[in-house]
Every structure is written in structure tokens, then in C-alpha cells.
Amino acid sequence: MKRTGKMNHRKSTLISLVLPVTLVFLMSVMGCSSQEEVQTVVSEVEENAAEVDDQVSSAVDFDHELDSYVPLKDHYNFYFTYKIVHPWWDAVALGMEEAQRQFLEKGITVTYEYMAPDEASAEDQIERLEQAESGDYDVIGVDVADEDIISPVLNEMIDEGYKVMTFSSSDGSAGCTRIAYVGNTHNYRDGSDLTEALCSKLDYKGKVAILVGSQGAPCHEDRARGARDIIGKYPDMEIVAVEYDNDSVEKAYNLTLDILKDYPDLDGIICCNMSNPVGAARAITETGSKTVIVGMDHDREALRFLDQGVIYCLGVQDCFSIGFDTLQVAVKIADGNKPGDLFPEKTDEITTIIYQEDAAQMLELLYGDIL
Amino acid sequence: MTDGDKNTNANTNSNRGFVLTAVIGSALVMTILALSTIWASRKTVSATDEAVSAVSSFYLEAMADQRAQTITNLINNNFEHMNKALTVIQDEEIESQEELRTTLGKIKTLLSLNRFALVDEDNVVYTQYTTYTGESRYDFLHAGELSDRVISTLNLYGSSKQLCLAIPAGDLKVMGKPIKACFVQIDIAEITDLLEFEEHGNAFFGLYTGEGANLSDTDLGMVRAGENILVGTREHIPDALWDKLSTDFAEGNEGSMTLSINGMQETICYAPVPNTGWMMAVLIRESLIHEQIRSISDNNRLVSRILITVTLASMVLFAVILLLQYRRISSVKLETERENSRTFQSMANTDSMTGVRNKHAYSEYEVALNEMIRSGEAKDIAVVVCDINGLKHVNDTKGHAAGGQLIKDASTLICEHFIHGAVFRIGGDEFAVILHDKGFTTLEETFAAFNREVEENILKDKVVVSIGYSVLLPEDEQLHDAFERADNMMYKRKKELKTMGAVTRGT
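Conventions used here
Residues numbered from 1 in each chain as written. Chains lettered and ligands numbered in written order. Predicted model: local features only at pLDDT ≥ 70, side-chain atom pairs only at ≥ 80, totals over all residues. Helix = DSSP H or I, 4+ residues; strand = E, 2+ residues; numbered from the N terminus. Contact = placed C-beta atoms within 7 Å. pLDDT = per-residue confidence, 0-100. Nonpolar A, V, L, I, M, F, W, Y, C, P; charged D, E, K, R; others polar. Pairing = 2+ DSSP bridges. Axes fitted to C-alpha atoms, helices over the stretch in contact; angles between N-to-C directions. Buried ≥ 20, exposed ≤ 12 C-beta atoms within 10 Å, placed from the backbone. Expected span 1.5 Å × (residues − 1). Arc of directions from axis to C-beta.

Trainee: Sorry, what's going on with the overall build of chain A here?
Mentor: Per the secondary structure count, chain A includes twelve helices and 13 strands. Considering only contacts in chain A between residues 6 or more positions apart, those separated by 24 or more positions represent 75%.

This is how it looks when you write it as C-alpha cells:
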């Protein structure tokens, strides 16, 4: 398991279970001087295994509490818009709802709109932002659909006095004057880490394809860029296709079938969003291909494919924390606060790379599924 | 042995027989009582075991149906409230987002609806605090137009599971937008609370989807909370039973089965929850119930044993007391009989006029002494023969009453002097006295004193008694030998007293 941003690379629970036995055997063979020493090493390894389990369970933190900040008003009204109607943002929404519930318990009413189009579109996002400008909102939050198109719009809004923040998967481009960002700040590295894991698995040689989400979506593009850069490091590896599924599982499935038709000897697929790995895994299962899949996010079907070994690894983002922290930062921004002691300019949320042996625990954590 | 002794012996034998019969009878009755109690308690245990199996299935089916009905009632109540809510909104003429949120808040409070929301034709969801695009969140929105009630299960990120109930909103418009539906979300944990059992430890319930996923997050015997029931039972039950379970769950059929897992007997019963696609499963651990019943039976058996022991001990104690009482009564009765016998014997041997022993008594006494004489045991024995002077004369001249009085006076005189002797009236005017021991050693003085008083009585015209005596000699073969000698002496004395003026028969 690898945790980007906050965690070091860690491998499987399987290894952590096998390791103690191996160590005991080796130490016995080598004539380890005392039983106590063997016991000490075993204890250390067991502690490491427990730590790995803890990391899986903390990949998504559902146990949040509002910090000690005392809001200035008893009612806030926000507008949030994100890239596309999709379960990934539903998970973010649940974090927001938990924060809203906790504010309500403190006597502070937070109302908000949380809106997105059925298909990712920078134009649609601009329309929504224009509508939001005419509404009575304390803060407008944006998950940037296309950094090149949306960032200037956000700058204009800031200039006009609107309080604008970005959140969830995509920040504005460099130079964007939005007040703060809460979400994944390491999409490039997520793409790099997943690709590094794939390369290692393929012994640094072979043909790979890259599936991306929406064109221009910063998070998807950054991950794809990270993937390209890693593949470029290894001369025996080749990118044979790059395709966009516009966050559609069906499209990802069809694209994978097409790629496999063109490259039946395809060795790996790098998936940069939530729908990519599901569609790719369906196609791989159907065709019986041995292609190795690495991908993003916590889709339930994707986790089951991971558990079955169809997907090699998944990068799971802490969507619940993203939603919770977004609403908490929005209240502070609404009160006129700027990034600093109360909140950072970028609130970084973790991504944890999980493998087959972590899938069951993750399914139980996220969906209550006990396999 | 006398007739009385024979009767006493016969009575004693008869009593022993009675007591023995009573003891054996009681022991038999107690044995039958004890055996029947043990048999009855064993019979009760086996009958209870059979009854538990029969009743538990019936009980489980009732529990499963009852709980399924509870959920159905909850769903129907919510649908009813949602219809009322739509009517309220229709009447409100809502024109702004703020008004809508206020109205939704009121409805939620008034009708106790959890997370009540409206959905417009663009699948935008309106709740009391938020407005959001919800197509990816609710399966029922994928279908487009909503024509009827929809009951669905939401598996939310974060493992929360909710029941979602939606109804079409008709021609309702809010802020100029057509409203497609309204819906509520009910946390399944809240439903689970409604279904909780009181029988902790022995009975379990679980709410499952048709695919076997656990919705209620409750243990169902060996199936852990959150675990798919089909996965949890796979290793523990035969293939045929597991196939039936899978099919019943998939098709929403009622069913029941008894499983034996790790030596634990478990009966599971399941029933579909109408219109939800859910299955309500109830499980009872018969082994635990059997253990409890066995424990109760063991206690009952112990109580029965104690009861039997106490009863037996009481019976034995009672029998002993009865026996002692009976023996005491018999002893008293025997003593009374002996006393009566003695009294009768005394009456038979006593002279009714004087109160001294009569001729019959003298005869018995004589027989006994003769036996002693024959065996050589008799020594220091003397016989005194007494005869009243002038009794006939008194009878003839003064009447029989005076004669009787004379006899009494004579008896008194004899008894007063021969206080250490056995006095017998052996004829109308004749008495005999047998002397032993002290009476024998003081014979001479007593004889002299008696004669002195008699001689004085002549002068006083009182009773006069002629006496003669003789000691038993070694050559005497019987008492009568000494009696004759004493009798001769008495006649001599009678003549002597006549000379002194005493009245005699010939006077």
C-alpha cells in the first residue's frame, strides 16, 4: 500500500503475515541466541502489520469533528459546483452533510447548493457560476472543470468581490486568485505512483494504454501527465494509446475493448479517474486478457475487481474528509478570513494506494461489505 | 401357661404382623412414588425437547412475520405521510428556495419524516438545508418518469445503509418547476432498533437483501454482523440446504431450516419483507434453550428427590413414633389386663366377709408349699389353726348378723396379732395362719399374747378364738401334717377355754 502526500510506500498485508514466520525460521536456522530476541523481532513485525491495517482503515477518515473556530453568523448559504454528476462527488457530499449536521448542533444553520452537469463541461460550469453570482451566497466553491477556461472566470469573480474557493479534485491553474483550495493537491504524483507500481509489476517493459477522464480536467490531466513521465523513464515501456472516457464507465469499457482489439498484447492500463478502472476491468474480464490495471478511486465495483485480482492497485482518495473540510473552510472564508492560522491556502487530503489484500477491508470500511 | 398368657401372646404376634405389613406397604408405596416421580421427570424432559423443536419453528415463523410486518407498517406510514406532505406543499404556493426549505423543515418536523426531499424533472434534489444534483445517488432517478411508489435500498459511502421510499409528485410545481417525486431516507439502523429482541443470547434477527447482504448490522448466530448470510453459512451447512437458502433469498420465499454448527443446534426462519426485496431472518439457538430447560428439569428432579427423601424420612419417623406409641398402648393394655387378672384372682381368693384370703387361696398356697416341701426348700414354716368359740350359739341366739360380726371380730383379732403371717378363712368358724420368717421367729410371743387377750375377752364377753400351732417338721411330707398337729392343739385349747367360761358349741 502506498500513501501519497503523507504516507510512505508499503506493501501487502500478505507479506506482513508471511514475514514473521520467515523471520522466525531464519533466526532459528542462524542460531539466534535467545528466544527473547526472536520474540522481539516477531513483535516488531506484528506491530508493522497492525500499522498497515491501521493505514487501510484510515485511508478514509469518517471520524471528524469541527475545530474550535467560532463562526460569526448563525446562518450561511453556499454554492458549490463540481465537474460531473458522479458517485465520487456523492462521497464528497456526505462529508459536507456531516459538517453541516455538526454546525446545526452548534446552532449554526448552513444551507448550500451542490450542483453539477451530467457531462463535464467548462461552458456549463461558467453558466452555473454566472447564476451563482446572482444568488445570495456567502461563498462560491468550484471543482475546476478546465483550469485554463475556468481560472480566469474565478479571477474575475474575485475581482468583483465574490468569495470563491476551489475544492475536491481540481484546483485552478497557477495564478488563479481563488481564496483557498481543499482537496487533492498531488494528482500528478498519484498518476506517477500508480504507474510506478504498474512498471514494477511488468518488470519495466511492455505496452501500456492510458485512460483519462474529461479533457481539460486538471486532476485527470495531471495524473495522465505523471503517468507519461514515468513511462518515459523506462526505455522498454511504450504508451500505445491515450483515450478519454468523459467519466463514463460504459465509454471506458468500450475504449478498452477497442484498445485490446488493436493491441491484443497490451500489458497494462493506467486509469486516471473513477470510471476508467471499472470499464477497463469489465472489458479485461470479458476478454480474458492478462492486462494489468492500475487506477483511481473507490468505486465499489472497482474494489471488488481489486479483491478478485483483476485490478492490480487503486489510489483511494479521502472524499469524506474533502467534503467535511470544504464546508468548514467555507464558513471561515464567509466570515472574511484569509488563509493563514485558521486554514491553509491548500488543504491537502491524502490518497492511499491499496492492493488486492487490502480490498476486503476497504469494502467493509466504505460500503459495509463483509466478503 | 394360663389362658390369659396365651391370649396375650396371640395378640402380640398379631400386632407384629400388622406393623410388618404396614412397614412393607409404606416402603412399597414410597418406592412406587419415587420411581414414578423419576420416570415422570425424564418423560417431561424428552417431551419438552420435542415441544421446543416444534414450538421454536412456529415461534420463529411468527417472529419473522411479525417483524416483517413492522417494517411494512413503517413503510406504509411513511408513504401516507409523504402524500400528506405533497398536499401541504401544493397548498403553500412556494416561490423561493428559502420558502421551500422552510416548508420542508416544517413538514419534516410535523410528519416525523426523515430526510424528506423533493426531486425536480432535472433530478435536482431539494432538502431542508441543501439542494443537489442527485441522479448518481439514487437508483430510482435513473428510471426517468416515476409512475408508482418505489422502495429501494441505499448503500452509502461510509457503510451507512438506508431505506429510500419515493412516490411520484403528480402535477406539483415548485418555483415554476415541475416536481418529479418526493422521497424519504430512513436509516436502517433505526429500523433495526424497532426490531430488537428482548431474548438476548438465544434469539437473533437479521435483515438481508435478496443477495444475502446484511442490512441490519446484527449477528445472526454464526453469521457475523455485516456478513453476507450466504457467505456466512456456506461452510456450515450441507450444499442442498445452502442451495435452498440461496434460492429462497433470491426469489423472496419463506423458509426455515435447522442447522448444527459446532455442536450448536440452530433453527433459522426467514420471510420476505413485502415490496422491499429484503428478507427478515430470525434464528434461535435450540441448544441453549435445551440447556436452560435441562437445567430447570435438573432442578425439578433435585427438588423431587429432596421431596421424596423428606417424605421417606417423615414416613420412617412417623412409623417409629407410631410403633412406639403402639407399643406403649399395648404395654398399658397388657398391664391393665394383668391388673384385672390379678383383681379377678384376688377376688377369687378373698373371703368377702372378712377380707382375708379364702379356702381356695389356702389350697393354692398349700399346693405351692407342698411343692417346696417336696423339693426340700421349705423350712421355718409354722401353721396356726384358729376356731371361733360359740359361733353357732350366737347365730342361734342372736342371729346370723351377730354371727357374721363375730367372724369379723375374730378375723380382726387374728390379723392384729399375726401381722407377719398369711391369714386364711378356711371354714365357717375356722381360720389358718401360715408363718414364715419374722412371723415364724416371733411365734411363741404372738401365741402367748393372743391367748392372753382371748382369756380377757371371756370376761369382757368379746370374741373368743381357740388356736393351736405346729411348726413344719423335717419328716413332714406335706403341710397337712403340721396342720393336723396344730388342729389337735387347738381342740385342747378349746376345752381349756371352756373351763375358763368360754361359750362353746356344746354350751
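Trainee: Can you walk me through the confidence of the model for chain A in this structure?
Mentor: Atom-level detail of predicted coordinates should not be read off regions where pLDDT is low. Of the residues in chain A, 84% have a pLDDT of 70 or more, and the chain-wide mean is 87. A low-confidence stretch, residues 4-34 of chain A stays under pLDDT 50, and its non-local contacts, those more than four residues away or across chains, total 46 contacts.

Trainee: Please explain the interface of chain B and chain A as it appears in this structure.
Mentor: Note: interface size is frequently given as the accessible area lost on complex formation between the parts. Counting residues at the interface gives 20 residues for chain B, matched by 24 residues for chain A. Among the elements that line the side of chain B that touches chain A, the one with the most residues is strand E3 (residues 130-133) of chain B, at four residues. Here the side of chain B that touches chain A is composed, by residue class, of five nonpolar, nine polar and six charged. Relative to E3(B), strand E3 (residues 109-115) of chain A runs parallel, the two sharing three bridges. Directly across from A:Glu113, in E3(B), lies its bridge partner B:Thr131.

Trainee: Help me out: how do you make sense of the sheet that holds strand E11 (residues 278-285) of chain B in this one?
Mentor: Strand pairs in the sheet, formed through backbone hydrogen bonds, run parallel or antiparallel to each other. Residue and element names in this part refer to chain B. Strand order in this open sheet of four strands is E8-E11-E10-E9, and the pairing throughout is antiparallel. At either margin of the open sheet sits one strand with a lone partner, and together these are strand E8 (203-209) and strand E9 (255-261). Taken pair by pair, the neighbouring strands of this sheet meet at an average axis angle of 25°, ignoring direction. Here seven bridges tie E8 to E11, and the two strands are oriented antiparallel to one another. The residue bridging Thr-209 from the neighbouring strand is Trp-278, located in E11. On the sheet, helix H5 (residues 239-251) packs against E8, E9, strand E10 (264-273) and E11 and is oriented at approximately 145° with respect to E9.

Trainee: In this structure, what is going on with unusual backbone geometry? I would like to understand it.
Mentor: Note on backbone geometry: most residues besides glycine have negative phi, and most peptide bonds are trans. One non-glycine residue, A:Asp247, adopts positive backbone phi at about 60°. Locating A:Asp247 in the fold gives a position in the loop between strand E8 (237-244) and helix H8 (249-262). Judged by the 24 C-beta atoms lying within 10 Å of it, A:Asp247 is buried. Despite not being glycine, B:Asp380 has its phi angle at roughly 55°, a positive value. Inspection of the secondary structure assignment puts B:Asp380 in the loop between helix H7 (359-375) and strand E12 (382-388). According to the C-beta neighbour criterion, B:Asp380 is partly exposed, with 13 such atoms within 10 Å.

Trainee: Would you explain the sheet that holds strand E15 (residues 465-471) of chain B in this entry?
Mentor: Residues and elements named next belong to chain B. On the basis of which strands lie adjacent, the open sheet formed by four strands has the order E13-E14-E12-E15 and antiparallel pairing. Every other strand in the sheet has two partners, leaving strand E13 (421-425) and E15 as the edge strands with one partner each. Neighbouring strand axes in the sheet, compared pairwise and without regard to direction, differ in orientation by 20° on average. Here five bridges tie E13 to strand E14 (residues 430-435), and the two strands are oriented antiparallel to one another. When the sheet's bridge partners are listed, Phe-424 is paired in E14 with Ala-432. Running over the sheet, helix H9 (residues 400-417) touches E12, E13, E14 and E15 and is turned about 155° from E12.

Trainee: I keep staring at helix H12 (residues 356-367) of chain A and nothing clicks. Help me out?
Mentor: An α-helix turns once per 3.6 residues; consequently, residues spaced three or four apart project the same way. All names here are of chain A. For H12, spanning twelve residues, the distance from its first C-alpha to its last is 17 Å, which sits close to the expected 16 Å at 1.5 Å a residue. Where H12 is concerned, the buried positions are Asp-358, Ala-359, Met-362, Leu-363, Leu-365, Leu-366 and Tyr-367. On an axial view of H12, the arc spanned by its buried residues comes to 165°, and they lie on one face.

Trainee: I'm lost on the environment of B:Arg224 in this one. Help?
Mentor: Residues and elements named next belong to chain B. For Arg-224, the location among the structural elements is in the loop between E8 and helix H4 (229-234). Judged by C-beta crowding, with 15 C-beta atoms within 10 Å, Arg-224 ranks as partly exposed. Remark: the alpha-carbon pair of Arg-224 and Gly-206, spanning 18 residues in sequence, is separated by 9.9 Å.

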